[in-house]
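Spelled out from the first residue to the last, the chains are:
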Amino acid sequence: MADKQISLPAKLINGGIAGLIGVTCVFPIDLAKTRLQNQQNGSRLYTSMSDCLIKTIRSEGYFGMYRGAAVNLTLVTPEKAIKLAANDFFRHHLSKDGKLTLVKEMLAGCGAGTCQVIVTTPMEMLKIQLQDAGRIAAQRKLMPETVAAGTVETKSPTAMQLTRQLLREKGIAGLYKGLGATLLRDVPFSIIYFPLFANLNNLGKRGVEGPAPFYVSFVSGCLAGSTAAVAVNPVDVIKTRLQSLNRGSTEDTYSGVGDCIRKIMRNEGPSAFLKGAYCRALVIAPLFGIAQVVYFLGVGEFILSFLPKKQN
């Protein structure tokens, strides 16, 4: 049991490295997901993920697909570290009686999802503004009727400018807009993901105590991640809409989760809650597959092995 506690720094390193690698690989798909989810009736620029990526490259260049990546890469390290390490922490303490039931696995996932929103909410808040800036700019050029009269085109803000503006105008609460929706997304996600991953991964273990091969962890992470991602996609749509500050003149604004649900149902129908589900599954599957491989290969433990040991 002591080894589990001593390995917490290594688990934090594993989560951070996994997040950096995963985000770098799948960020363009995440950008397409945000833009597709923010589209409302009357202002549709993109018909699919591929159409969104092609139009983004044409209008903004290759690096346009990485708008907001700096924020994500900076904050995904503590976010993934907290998520994965917290789940391990709760699983460890809930299994002290020797048996970890499905209910306890779900409780551990709930704890992990609750802890991560400390970092996830401001990260997503800033990332969404930067990712969606290209869509708003494209609307001005291709669909000027959707932009309010007299609106002046301004240069896309940087993450630091957005942060300062939000803090100046609304204080710390500005960065935590959409906190409730983020909790409604991340807690159920973790409740589904972690138990499903653990049980899928156990199927491929070498013997009772042996670890699963890395490819089993990768496939288990992909399957569990995509399943959980699609399951909570309706809440992800709500969260994205609530956290978007800039909109076209024909697009709805929302005062809260309930108001957002009502307006989407009335104006766009139930299918709108599945917007970006395909993209989200494509983002989450490799992201968590990579995360679990890094985690189970023990990259953090390997790095810490080079540090001098404390003498008793």
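Residues numbered from 1 in each chain as written. Predicted model: local features only at pLDDT ≥ 70, side-chain atom pairs only at ≥ 80, totals over all residues. Heavy atoms only, no water.

A. View of the overall build of the chain. Secondary structure assignment for the chain yields 13 helices and 0 strands. Each helix and strand of the chain, ordered N terminal to C terminal, gives the series α-α-α-α-α-α-α-α-α-α-α-α-α. Relative to its 312 residues, the chain shows a buried fraction of 50%. Across the chain, contacts joining residues at least 24 apart in sequence account for 80% of those joining residues at least 6 apart. Carbon and sulfur atoms make up 67% of the accessible area of the chain, which totals about 14,900 Å². (Helix = DSSP H or I, 4+ residues; strand = E, 2+ residues; numbered from the N terminus. Buried < 20%, exposed > 50% of the residue type's maximum accessible area, 1.4 Å probe, protein only. Contact = heavy atoms within 4.5 Å. Areas by Shrake-Rupley, 256 points an atom, 1.4 Å probe, with all protein chains shown as cover.)

B. Here's a closer look at the environment of E251. Mapped onto the fold, E251 is located in the loop between α10 (233-243) and α11 (257-267). Along the chain, E251 and Q39 lie 212 residues apart, while their C-alpha atoms are 8.4 Å from each other. Not counting chain neighbours up to four residues away, the residues in contact with E251 comprise N38, Q40, S43, R135 and Q139.

C. Examining the packing of aromatic side chains more closely. Within this structure, the stated rule accounts for 11 aromatic pairs. Taking 5.4 Å as the distance between ring centres and 45° as the angle between the ring planes, the aromatic pair formed by F189 and F288 counts as tilted. Pair noted here: F189 is in helix α8 (residues 179-203) and F288 is in helix α12 (residues 277-297), with a separation of 99 residues, a long-range link. You can call F189 buried: its relative accessible area is 3%. The class of F288 is buried, set by a relative accessible area of 2%. Three or more aromatic residues joined by ring pairs form one cluster here, namely F189, Y193, F194, F197 and F288. (Phe/Tyr/Trp six-rings, centres within 6.5 Å; stacked < 30°, edge-to-face > 60°.)

D. The arrangement of the confidence of the model for the chain in detail. Considering every residue of the chain, the mean pLDDT works out to 85; 90% of them sit at 70 or more. Of the regions scoring below 50 in pLDDT, residues 1-6 engages in 4 contacts with residues more than four places distant in sequence or in other chains. (pLDDT = per-residue confidence, 0-100.)

E. Region of interest: the pattern of salt bridges. Here the structure, examined in full by the defined rule, presents 15 salt bridges. In this structure, D132 engages R135 in a salt bridge whose closest nitrogen and oxygen atoms are separated by 2.7 Å. Taken as a pair, D132 and R135 lie in helix α5 (residues 102-142) at a separation of 3 residues, close to a single helical turn. It is possible to trace a salt-bridge network through shared partners that takes in D30, K33, E124, K127, R185, D186, D236 and K239. (Salt bridge = Lys/Arg side-chain N within 4 Å of Asp/Glu carboxyl O.)

F. Quick look at helix α4 (residues 69-94). Over its 26 residues, α4 extends 36 Å from the first C-alpha to the last, a length consistent with the 38 Å expected when each residue adds 1.5 Å. Taking the largest bend as the criterion, α4 deviates by roughly 40°, centred on V76, and proline P78 comes between one and four positions later. (Expected span 1.5 Å × (residues − 1). Bend = angle between axes of the 7 residues up to and from the residue.)

G. Broad picture of the nonpolar core. M49, F189, Y193 and I284 are the most contacted members of the largest nonpolar core, which has 44 residues in total. Those elements that place two or more of their residues in this core are α2 (8-38), α3 (49-60), α4, α5, α6 (159-170), α8, α9 (214-231) and α12. Considering every element that reaches this core, the biggest residue donor is α12, with 9 residues. Judged by nonpolar contacts, the second largest core, of 9 residues, contains Y254, C260, I264 and A272. (Core = buried A, V, L, I, M, F, W, Y, C linked by side-chain atoms within 4.5 Å.)

H. How the structure looks around the state of the cysteines. Applying the stated criterion across every chain, the model contains 0 disulfides. Among the cysteines around C110, which has no disulfide bond, C115 carries the closest sulfur, lying 9.4 Å off. (Disulfide = S-S within 2.5 Å.)

I. Broad picture of the packing of α10 against α11. It is the contact of α10 with α11, at a shortest axis distance of 10 Å, that shows an interaxial angle of 110°. It follows from the interaxial angle that α10 and α11 lie roughly perpendicular. Two secondary-structure elements touch here, α10 through V237, I238, R241 and L242 and α11 through V257, C260, I261 and I264. (Axes fitted to C-alpha atoms, helices over the stretch in contact; angles between N-to-C directions. Parallel < 35°, antiparallel > 145°, perpendicular 65-115°, else oblique.)

J. How the structure looks around the environment of C260. Along the chain, C260 falls in helix α11. With 19 residues separating them along the chain, C260 and R241 place their C-alpha atoms 7.8 Å apart. The contact partners of C260, leaving out residues within four places of it in the chain, are I238, R241, L242 and Y254.

K. Looking closely at a nonpolar patch on the surface. There is a patch of nonpolar side chains on the surface, built from F214, Y215 and L297 and spanning about 370 Å² of accessible area. Tracing the sequence through the fold places F214 in helix α9. (Patch = residues over 30% accessible without salt bridge, like charges linked within 9 Å, V, L, I, M, F, W, Y side chains within 5 Å.)

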